[in-house]
Amino acid sequence: MSTEIYAEYPPELSTQQERWLIQTVKDWTIEHGLAIRPSTAIVPEKTNPGNVLATNAPVTLFPSPFPKSCYDQARSLQQTYNELYAAIANDEGWLETIMEELIEVDDFLAKLWETHLRVKKDGYVQNMTLGMFRSDYMLHTSEDCPPSLKQIEFNTISSSFGGLACLVAEMHTHLATYPSAQHPVAYPPHPLFSNYESTSIKSIGHPPSNTAVSTLTAGLAAAHQAYGPSKSSPQLPTCILFLVQDEERNIFDQLALSRHLYKHHGIPSFRLRTSKVMSDTFCAFDHPSRPLVYTPPSSPSTKYEVTVVYFRALYSPTEYENSDCWASRYWLERSGAIKCPSILLQLAGSKKVQQVLTSRPPGPDYLKAFLPNHSDATLDNLRSTFAPQYSLSSTDPAVQAEGIKLALDRATAANHVLKPQREGGGNNIYRTNIPPFLKSIPESEWKQYILMELIHPPEQAHNTVLRSDGAVFMSDVISELGIFGTCLWKTAPGVKQPEVMHNTEGGYLMRTKAKDSDEGGVAAGFSSLDSLILYEEV
């Protein structure tokens, strides 16, 4: 990577400039809803008993440079990735072979699979599934090679921050171009903030447009339209349900989607807390279509038929506190509403599936099997984003032996991360902590983890972060790029390939964290929201 721009990026701020910029960002975030509910660590519960306060989401003061070629590659692959995971979720038999060992040692996955089997026994009445995805990447560098794109994970449930990511790009663009691109006042002069071109580097001067909100809501709207008219008798007005956590802090990200959904598609949506599923919805299970009916607590005389249940909750074991939570998941899965995601699609997003997909000849070519209509060039492009991954499972002795050897040797473990089948930050085991961790648990439980080679991002300049508690710090940082996509498909009995009805990509999430931080979740408190300044070498 050229160091021409990085050498002095971001531009240095005087104390007065930094104070002014920080206050401007604080005001802008609250004015535009780039906000979250504060955690009790920031504002004690006794000070905020109604959970009504809001604070800025953690954000960077400057956008982060990113190679245009890698950004373009990530975007070009998203629809193919959408198809891949639709095909995986559509192949129950293949998923079952993946889950067989995991459900022996992972109670959460076992309960999800059990719930799927219960609904299957009852008979599924909805043959359409909606996926709202985010594929996360980091830049990887190796000696004498330009940065390449490597996938961290593919998110199939509660792929969040599309709403806030759009606002970060808007804020950084405002700061870089107000009152004009030639004479911005928020940032000191810097080549990156103008249409810059030298003998080796070219940049466009501001973040690319972020279309995450319109992309995600278009997916919801497509599913809503595909559901068709009410199946109830008499017919009811229809709506989309956002299933949310009882104490949701990331509410403004979600409201950005529901607001856009109504303003641009005319579709009403309601927020349903997980604890209220059984009390606020009704499903006539003797009805052939099992329509799910929602009654808004504010209007008990009004009823809506639910076309889509969009899960922004129930993705983590900690959310299933009791049997009522599992009963609610079964209730929703059994209904005729389109699920985003279904249980099978949620399971398709497990880390074990990601690891199995990296298998190469002489082993099975799963990419070719799931994507038979794609060229070898496209599949090779997809494979190029895979980081080396290893199984600790006895069903794959050759890979298992190599994975266990790498994981138990302190020297080789130092270049790896151990991942469980979990969403969100804070679950992984890193580097030299891997051998003692594995030795601390029964060997029979090792198979619930996969081992992944660490990605080595390029060296980057400092950036300044404004945290949600108002603290400001500057550090060396690394960034992670997420690309959003949506896919709606129909399943036919006995047909392996799904019928894809809607497949789009659009919008991005940039998260930036301190270089010495391993975890990357914004909601978990490890990262800050960011945007991109694209550059290309000429």
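Computed from a predicted model, the values in this text were never measured in an experiment. (Residues numbered from 1 in each chain as written. Predicted model: local features only at pLDDT ≥ 70, side-chain atom pairs only at ≥ 80, totals over all residues. Heavy atoms only, no water.)

**Remarks on the overall build of the protein**
What the protein contains, in helices and strands, is 16 helices and 22 strands. Its C-alpha atoms give the protein a radius of gyration of 23 Å, near enough to 24 Å, the size a compact globule of 538 residues would have. Taken over the C-alpha atoms alone, the protein extends approximately 70 × 60 × 50 Å along its principal axes. Counting all 538 residues of the protein, 56% fall into the buried class. A fraction of 74% describes how many contacts in the protein between residues 6 or more apart in sequence connect residues 24 or more apart. Both charge centroids of the protein, one from 44 positive and one from 58 negative side chains, sit 5 Å from each other. (Helix = DSSP H or I, 4+ residues; strand = E, 2+ residues; numbered from the N terminus. Rg over C-alpha atoms; globule rule 2.2 N^0.38 Å. Buried < 20%, exposed > 50% of the residue type's maximum accessible area, 1.4 Å probe, protein only. Contact = heavy atoms within 4.5 Å. Lys, Arg positive; Asp, Glu negative; His and termini not counted. Charge placed at Lys NZ, Arg CZ, Asp CG, Glu CD.)

**Some words on the side chain of His224**
Here His224 is to be found in helix 6 (residues 212-227). For His224, a relative accessible area of 9% puts it in the buried group. When neighbours within four sequence positions are excluded, His224 is seen to be in contact with Thr238, Cys239, Ile240, Ile267, Thr307 and Val308.

**Notes on helix 9 (residues 323-334)**
One turn of the α-helix equals 3.6 residues, which is why residues spaced by three or four share an orientation. With twelve residues, helix 9 should reach 16 Å at 1.5 Å per residue; the first-to-last C-alpha distance of 16 Å fits that figure. With nine of its twelve residues buried, helix 9 lies for the most part within the structure. All of the buried residues in helix 9 are Cys325, Trp326, Ser328, Arg329, Tyr330, Trp331, Leu332, Glu333 and Arg334. (Expected span 1.5 Å × (residues − 1).)

**Considering the UniProt feature "binding site: Mg(2+)" (unreviewed entry) in the protein**
Those places that UniProt annotates as "binding site: Mg(2+)" (unreviewed entry) correspond, in this numbering, to Glu153, Asn155 and Glu423. Judged by relative accessible area, Asn155 falls into the buried class, the value being 5%. (UniProt positions renumbered as here; feature names shortened; annotations may be inferred.)

**Concerning the layout of surface pockets**
When its volume is computed, the second largest pocket comes out at roughly 540 Å³. Along its surface, the second largest pocket is lined by 25 residues, and Asn90, Tyr124, Gln126, Leu344 and Thr491 are the ones closest to its centre. Among the secondary structure elements, those contributing two or more residues to the lining of the second largest pocket are helix 2 (68-90), helix 3 (92-105), helix 4 (107-122), strand 5 (128-140) and helix 10 (343-348). For the lining of the second largest pocket, the per-class residue count stands at ten nonpolar, nine polar and six charged. (1 Å grid on protein atoms, 1.4 Å probe; cavity = no way out; pocket = protein on both sides within 12 Å on 5 of 7 lines; lining within 4 Å. Points joined across faces, edges and corners; volume = space filled by probe spheres on them. Nonpolar A, V, L, I, M, F, W, Y, C, P; charged D, E, K, R; others polar.)

**Topic: the sheet that holds strand 16 (residues 429-430)**
Here we have four strands laid out as an open sheet, ordered 14-17-15-16, and antiparallel in their pairing. With partners counted over all chains shown, the strands left at the sheet margins are strand 14 (389-391) and strand 16, one partner each. (Pairing = 2+ DSSP bridges.)

**Brief notes about the pattern of salt bridges**
In total, this model carries 17 salt bridges according to the counting rule given. Across the pair Arg334 and Asp122 runs a salt bridge, and its minimum N-O distance is 3.1 Å. Taken as a pair, Arg334 in helix 9 and Asp122 in helix 4 lie far apart in primary sequence, 212 residues in all. Using a relative accessible area of 29% as the deciding quantity, one classes Asp122 as partly exposed. (Salt bridge = Lys/Arg side-chain N within 4 Å of Asp/Glu carboxyl O.)

**Re the packing of aromatic side chains**
Going through the model one piece at a time under the given rule, you end up with 19 aromatic pairs. An angle of 85° between the planes, with centres 5.0 Å apart, marks the rings of Phe285 and Trp331 as edge-to-face. Of this pair, Phe285 sits in the loop between strand 10 (281-283) and strand 11 (292-294) while Trp331 sits in helix 9, and the two are 46 residues apart along the sequence. Taking the relative accessible area as the measure of exposure, Phe285 reaches 21% and is therefore partly exposed. According to the relative accessible area criterion, Trp331 is buried, its value standing at 16%. (Phe/Tyr/Trp six-rings, centres within 6.5 Å; stacked < 30°, edge-to-face > 60°.)

**Thoughts on helix 4**
Helix length check: helix 4 (16 residues) gives 23 Å between terminal C-alpha atoms against 22 Å at 1.5 Å per residue, within 8%. Three or more residues of helix 4 are buried, namely Phe108, Leu109, Leu112, Trp113, Thr115, His116 and Val119. Each buried residue of helix 4 lies within a common arc of 155° when the element is viewed along its axis, so the set occupies one face. Exposed and oriented more than 90 degrees from the buried face of helix 4 are Asp107 and Lys121. On its buried side, helix 4 packs onto helix 3, helix 9 and helix 10. Backbone nitrogen of Phe108 and a side-chain oxygen of the N-cap are separated by 3.1 Å at the start of helix 4; the cap is Asp106. Two residues or fewer after helix 4 comes Gly123, characterised by a positive phi angle close to 105°. (Arc of directions from axis to C-beta. Polar contact = N/O pair within 3.5 Å; in protein donor to acceptor, adjacent residues only side chain to side chain.)

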